[in-house]
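# Per-entry structural report
Single-letter residue listing:
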Amino acid sequence: MKFQWSLLFGLLFALMIALFAVYNVGAVPVDYVFGTAEWPLILVILGSALLGALLSGSVAIYRSFVLSRKVKQLEKELVKKGASIGVLQTELVVQQENRISSAGDSVIKKDENMMI
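These numbers come from a predicted model, not from an experiment. (Residues numbered from 1 in each chain as written. Predicted model: local features only at pLDDT ≥ 70, side-chain atom pairs only at ≥ 80, totals over all residues. Heavy atoms only, no water.)

## Focus on the overall build of the protein chain
Rules: Each helix is a run of H or I in the DSSP string that is no shorter than four residues. Each strand is a run of E no shorter than two, and both are numbered from the N terminus. The cut-offs for exposure are 20% and 50% of the maximum accessible area for each residue type, with area from a 1.4 Å probe on protein chains only; residues under the lower value are buried, those over the upper are exposed, and the others partly exposed. In these tables, accessible area is a Shrake-Rupley quantity obtained with a 1.4 Å probe, and a residue counts as shielded only by the protein chains included in the view.
When you go through the protein chain residue by residue, the secondary structure sums to two helices and two strands. Counting helices and strands in the order they occur from the N terminus, the protein chain gives α-β-β-α. In the protein chain, which comprises 116 residues, the share counted as buried stands at 3%. Of the roughly 10500 Å² that the protein chain leaves accessible, carbon and sulfur atoms contribute 71%.

Here it is, written out as structure tokens:
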């Protein structure tokens, strides 16, 4: 649902930019580092909007890529830690069984000593 609202607002914003650009068709001077040129304002507005969208889209894709790599790294770490927890739990169960069996053996030995 959030994506649909974002798409709707994006389309409305693009429509507003297009209408604004259509109403501004006069020629304007555009200064570059190496010179000056006369361009129709509609091209300047649409070009600026397109470059802004491309730049923000590129940043969003880069951030998404970085976050997906981080998620994969954390998932691998989670699997490793889960495996080590499993090993430690197994060791704990074995140690508890050893304590119970050794405690049971000492009770049996005490009972045997008392009979003698």
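## Observations concerning the packing of aromatic side chains
What characterises a pair of aromatic rings is the spacing of the ring centres plus the angle enclosed by the ring planes. Our working rule: Aromatic pairing here means that ring centres of Phe, Tyr or Trp (its six-membered ring) are within 6.5 Å. Orientation follows from the plane angle: under 30 degrees is stacked, over 60 is edge-to-face, and everything else is tilted.
Within the structure shown, the criterion is met by two aromatic pairs. Geometrically, the ring pair formed by Tyr32 and Phe34 is stacked, given 5.5 Å between the ring centres and 5° between the ring planes. Phe34 sits in the exposed class, given a relative accessible area of 79%.

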